[in-house]
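This is what each chain is made of:
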Amino acid sequence: IFVFIFILFFSFLNADNKRVCLLNFSKISPFFILCFLFDEREKLKNWLGISVLITSVIGILQKIGFISNLIPDPFSSRIYATFGNPNFFASFLFLSFPFFAGWCERKKLNALVLLPYLCILLTETFGTILSITVLFIFYAKKKNFLRYLLPLHLVVLILGGMFFDLSSKKSSVEERIFK
């Protein structure tokens, strides 16, 4: 715990914008505090698995609400579940995906891996969708059930490139890299 507090303090001292630094720490700290509070790692894995499952179901219900016009969509029908922003939701799902896949494998609920994957697609966060390709390639060797998800994901990428306008994504990438 002291090492964690020291790293937080040192990072805060070196930050240019102290308010943004505190905001980022407030987002990250609860997860690390939970890691220290749980004596058993299995309880933490269960908590993370259940939280991914709940937020994924909320995200899918949110998309159904957007389609049926029951819920106003501030992000052009991109889901954000309880995170307030599709990018934050996609980041959470991406970072927790390996843990969730392992949790599903231990619980023999391999089909549930499709829920966070579907939510990542519905957030329409291009960087996360590309990043999960690398994750699938890496984990397909270790996890047999992910081996079947990799070809599906590649088909989704190819169809997405063929049927959706990616010109705005291209200009966004060029702006981020070259400016």
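See the structure shown above.
Residues numbered from 1 in each chain as written. Predicted model: local features only at pLDDT ≥ 70, side-chain atom pairs only at ≥ 80, totals over all residues. Heavy atoms only, no water.

Undergrad: Describe the overall build of the protein chain, listing the residues and the values that go with them.
TA: Looking only at helices and strands, one finds nine helices and zero strands in the protein chain. For the protein chain, the succession of helices and strands along the chain, N to C, is α-α-α-α-α-α-α-α-α. Expressed as a percentage of its 179 residues, the buried residues of the protein chain come to 33%. A sequence separation of at least 24 residues applies to 56% of the contacts in the protein chain between residues at least 6 apart. Counting only carbon and sulfur atoms, one obtains 69% of the accessible surface of the protein chain, whose full area is about 11900 Å². (Helix = DSSP H or I, 4+ residues; strand = E, 2+ residues; numbered from the N terminus. Buried < 20%, exposed > 50% of the residue type's maximum accessible area, 1.4 Å probe, protein only. Contact = heavy atoms within 4.5 Å. Areas by Shrake-Rupley, 256 points an atom, 1.4 Å probe, with all protein chains shown as cover.)

Undergrad: Give a description of the side chain of Gln 62 that names residues and reports values.
TA: Positionally, Gln 62 belongs in helix H3 (residues 41-67). What makes Gln 62 buried here is its relative accessible area of 9%. Ignoring any residue separated from it by four or fewer positions in sequence, one finds Gln 62 in contact with Ile 71, Ile 79, Tyr 80 and Ala 81.

Undergrad: Give a detailed account of the packing of aromatic side chains, specifying residues and quantitative values.
TA: The relation between two aromatic rings is expressed through the spacing of the ring centres and the mutual angle of the planes. A full pass over the atoms with the stated rule returns four aromatic pairs. Where Phe 83 meets Phe 89, the ring centres are 5.4 Å apart and the plane angle is 25 degrees; that geometry is what we call stacked. Taking relative accessible area as the criterion, Phe 83 reaches 29% and is therefore assigned partly exposed. Take Phe 89: its relative accessible area is 0%, and that puts it in the buried class. Put simply, the rings of Phe 83, Phe 89 and Phe 92 touch in pairs and so form one group of aromatic residues. (Phe/Tyr/Trp six-rings, centres within 6.5 Å; stacked < 30°, edge-to-face > 60°.)

Undergrad: Explain the nonpolar core residue by residue, including any values.
TA: Counting 26 residues, the largest nonpolar core has Phe 97 and Phe 136 as the members making the most contacts within it. Counting residues per element, the ones that place at least two in this core are H3, helix H4 (86-106), helix H5 (114-123), helix H6 (126-140) and helix H8 (149-163). Per element, the largest residue contribution to this core is seven residues, and it comes from H4. (Core = buried A, V, L, I, M, F, W, Y, C linked by side-chain atoms within 4.5 Å.)

Undergrad: Residue-level account of unusual backbone geometry, with values.
TA: Positioned with a positive phi, Lys 108 is a non-glycine residue whose angle comes to about 60 degrees. Counting through the fold element by element, Lys 108 comes out in the loop between H4 and H5.

Undergrad: Go over H4 with me, naming the residues and quoting the values.
TA: Spanning 21 residues, H4 covers 29 Å between terminal C-alpha atoms, matching the ideal 30 Å at 1.5 Å per step. If you look at H4, its biggest bend is around 50 degrees, right at Phe 97, and the proline Pro 98 turns up within four residues after that. Residues Pro 86, Phe 89, Ala 90, Leu 93, Ser 96, Phe 97, Pro 98, Phe 100, Ala 101, Gly 102, Trp 103 and Cys 104 constitute the buried set of H4. Two or three places before Asn 87, at the start of H4, stands the capping residue Asn 85, its side-chain oxygen 2.8 Å from that residue's backbone nitrogen. (Expected span 1.5 Å × (residues − 1). Bend = angle between axes of the 7 residues up to and from the residue. Polar contact = N/O pair within 3.5 Å; in protein donor to acceptor, adjacent residues only side chain to side chain.)

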